[in-house]
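Chain by chain, the residues:
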Amino acid sequence: MHRSAGALIAFMVATSLLVGARVTGHHPHIHIEPIVNFALPAASAGCGGATALGGGAERIPITVSTVAGQVAELVNVCIEGKGPYPFVLDSGAGESIIDRRLASTLQLAHDGSPTEFSGVGCIGTAQPVGVPSWSVAGVALAPQSLTAATLPDFGRAGQPVGLLGSDVLSRFGAVRLDFSAQTLTFGGPQGPAPPRNPPDVHGPTGPSPSAVLTQGQAGTTVPLTVVLTPGDVSLNVRLQFGHRPALTFVVDTGSSQSVVASSVATSAHLASTDLAQRQPTVCSTITAPLVRTGPWSIPGVQLHPQLLGAVNFGPISANGTAGLIGSDQLQRFGWVIFDYSGGRLVLG
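Summary of the structure given here. Worth saying up front: this structure is predicted, and the values here are computed from it rather than measured. (Residues numbered from 1 in each chain as written. Predicted model: local features only at pLDDT ≥ 70, side-chain atom pairs only at ≥ 80, totals over all residues. Heavy atoms only, no water.)

**Concerning the overall build of the chain**
Logical step 1: When you go through the chain residue by residue, the secondary structure sums to six helices and 29 strands.
Logical step 2: The buried share of the chain, taken over its 348 residues, is 56%.
Logical step 3: Sequence separation of at least 24 residues holds for 68% of the intrachain contacts in the chain that already meet a minimum separation of 6.
Logical step 4: Total accessible area computed for the chain in this model is approximately 13,400 Å², and 54% of it derives from carbon and sulfur atoms. (Helix = DSSP H or I, 4+ residues; strand = E, 2+ residues; numbered from the N terminus. Buried < 20%, exposed > 50% of the residue type's maximum accessible area, 1.4 Å probe, protein only. Contact = heavy atoms within 4.5 Å. Areas by Shrake-Rupley, 256 points an atom, 1.4 Å probe, with all protein chains shown as cover.)

Structure (structure tokens):
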């Protein structure tokens, strides 16, 4: 069977795995930016690195890499005591993913039937696998199923081998990502997986993030709608271009460059450029034209004007997603808190 539209985000957008509109022909005035490679965490760090902060909170080192204006965060993951393996920190992935070749090498048992996913002009298959014992930078993670898939440019030398998604991050209630300090802070111990059909969280609600996350800093709170359905966990924010009607964007650290649906770019009259970005998708390599945001904002916050990849989301747009706020925009705030249980995005 095919994956849900929301779950497709995990496969179709992560560390520049963008599904884009093709730039046809070879127009001499279009400059196509090359595919970029990001720095990986040091393998010498092994399977440790976590610092206990009390009350179950822990802080781990991450590697923040900026290349040609794109930004990615990677962490060391160990599985069955082996590793470390570099995983992308991906709040836009509704479920965590492991490279199929690594899953085979580790002899991870199948955990259910294969599923289908869609890309630009192709359909691929993914296999759920069980992971009984794993950790991220020394923080033990609960056993769960990962999705094993073959993603272009994943699993090769110098490339990541998986995505650590919001299915994992959300179980800590709230997490803080510090770009300049290159750390990720878990606000408390990992909790149970959400029930099968939990209600969405329309924030802000409940208590504010703990002091271990705010660190005495007064950030700006932005309301989120948090979807906690297993396999489809996402952070959704309302976004406006100028004074146009608000649209739903996913807050996605796995997208190294923020993107907008090509149809929205057209209807919002976003200014075109002579630039395009080469990007691998789940099963092909496409070229996404870059457009200018002009003034754009989320509730209470004016975002920094920048270039966006104008992409054709295909099935993803069926659930109302109009774009992704990626790490290139988030890192401008220095630090961010993703409050899954309270429906908040806190920007430094």
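**Focus: the sheet that holds strand E15 (residues 183–186)**
Logical step 1: The strand order across the open sheet formed by seven strands is E2-E3-E15-E14-E28-E29-E17, and the pairing between neighbours is antiparallel. The open sheet has two edge strands with one neighbour each: strand E2 (51–54) and strand E17 (220–223). Each strand of the sheet is rotated relative to its neighbour by a mean of 20°, with strand direction disregarded.
Logical step 2: Across four bridges, strand E14 (residues 174–178) lies against E15 in antiparallel orientation. Bridge pairing in E15 places Asp178 opposite Thr183. (Pairing = 2+ DSSP bridges. Axes fitted to C-alpha atoms, helices over the stretch in contact; angles between N-to-C directions.)

**Considering unusual backbone geometry**
Logical step 1: With omega at 10°, the peptide bond leading from Gly83 into Pro84 counts as cis.
Logical step 2: For the peptide bond that leads from Gly203 to Pro204, omega is 0°, which places it in the cis range.
Logical step 3: Within the fold, Pro204 resides in the loop between strand E16 (201–202) and helix H4 (211–214).
Logical step 4: Even without glycine at this site, Ala68 takes up a positive phi of about 55°.
Logical step 5: Mapped onto the elements of the fold, Ala68 is located in the loop between strand E4 (63–67) and strand E5 (70–79).
Logical step 6: In this model, His269 sits at a positive phi of 55°, which is unusual for a non-glycine residue.
Logical step 7: Mapped onto the secondary structure, His269 falls in the loop between helix H5 (262–267) and strand E22 (272–280).

**A short note on the environment of Val67**
Logical step 1: Within the secondary structure layout, Val67 lies in strand E4.
Logical step 2: When the C-alpha atoms of Val67 and Ala39 are compared, they prove to be 9.0 Å apart, with 28 residues separating the residues in sequence.

**So, the pattern of salt bridges**
Logical step 1: Applying the stated criterion across every chain yields a total of three salt bridges.
Logical step 2: For the salt bridge of Asp99 with Arg101, the shortest nitrogen-to-oxygen distance reads 3.0 Å.
Logical step 3: For Asp99, a relative accessible area of 3% gives the class buried.
Logical step 4: Looking at Arg101, the relative accessible area reads 39%, which means it is partly exposed.
Logical step 5: Between Arg176 and Asp178 there is a salt bridge whose closest N-O contact spans 2.6 Å. Asp178 matches Arg176 in its accessibility class, with the two residues each being buried. (Salt bridge = Lys/Arg side-chain N within 4 Å of Asp/Glu carboxyl O.)

**Overview of the state of the cysteines**
Logical step 1: Here the structure, examined in full by the defined rule, presents one disulfide.
Logical step 2: Sulfur-sulfur distance for the disulfide between Cys47 and Cys78 comes to 2.0 Å. On the sign convention where negative means left-handed, the S-S torsion of about -95° between Cys47 and Cys78 marks this disulfide as left-handed. Residue Cys47 is located in the loop between strand E1 (31–33) and E2, and its partner Cys78 is located in strand E5; the two are separated by 31 residues in the primary sequence.
Logical step 3: Residue classification places Cys47 among the partly exposed positions, given a relative accessible area of 33%. (Disulfide = S-S within 2.5 Å.)

**Remarks on the packing of aromatic side chains**
Logical step 1: Applying the stated criterion across every chain, the model contains three aromatic pairs.
Logical step 2: Note on Phe241 and Trp296: the rings are 5.9 Å apart at their centroids and 5° apart in plane angle, and the pair reads as stacked. Taken together, the residues span a long stretch of sequence, with Phe241 in strand E19 (residues 234–241) and Trp296 in strand E24 (residues 296–298) at a distance of 55 residues.
Logical step 3: According to the relative accessible area criterion, Phe241 is buried, its value standing at 3%.
Logical step 4: Residue class for Trp296 comes out buried when judged on its relative accessible area of 0%.
Logical step 5: Feature note: the residues Phe241, Phe249 and Trp296 constitute an aromatic cluster, connected by ring pairs.
Logical step 6: When the ring centre of Trp335 is taken as origin, the NZ or CZ atom of Arg176, which lies over that ring, is 4.1 Å away. (Phe/Tyr/Trp six-rings, centres within 6.5 Å; stacked < 30°, edge-to-face > 60°. Lys NZ or Arg CZ within 6 Å of the ring centre and 35° of its normal.)

**A look at the nonpolar core**
Logical step 1: By size, the foremost hydrophobic cluster in this structure holds 74 residues, and its most contacted members are Ile79, Ile98, Val136, Phe241, Ile298 and Phe338.
Logical step 2: Contact partners of Phe338, with chain neighbours within four places excluded, come to Ser91, Gly173, Ala174, Val175, Leu177, Leu235, Val251, Thr253, Leu330, Arg344 and Leu345.
Logical step 3: Counting 12 residues, the second-largest nonpolar core is a separate cluster that includes Ala72, Ala93, Ile97 and Phe154. (Core = buried A, V, L, I, M, F, W, Y, C linked by side-chain atoms within 4.5 Å.)

**Let's talk about the pairing of strand E28 (residues 335–339)**
Logical step 1: With five of five residues buried, E28 lies mostly within the body of the structure.
Logical step 2: Of the two faces of E28, the one lined by Trp335, Ile337 and Asp339 and the one lined by Val336 and Phe338 are each fully buried.
Logical step 3: The pairing of E14 with E28 spans five bridges and is antiparallel. What sits directly across from Leu177, in E28, is Val336.
Logical step 4: As judged from the four bridges shared by E28 and strand E29 (residues 344–347), these two strands associate in the antiparallel manner. When the sheet's bridge partners are listed, Val336 is paired in E29 with Leu347.
Logical step 5: The turn joining E28 and E29, which pair antiparallel and follow one another in sequence, is formed by four residues; a positive phi near 65° is taken by Gly343.

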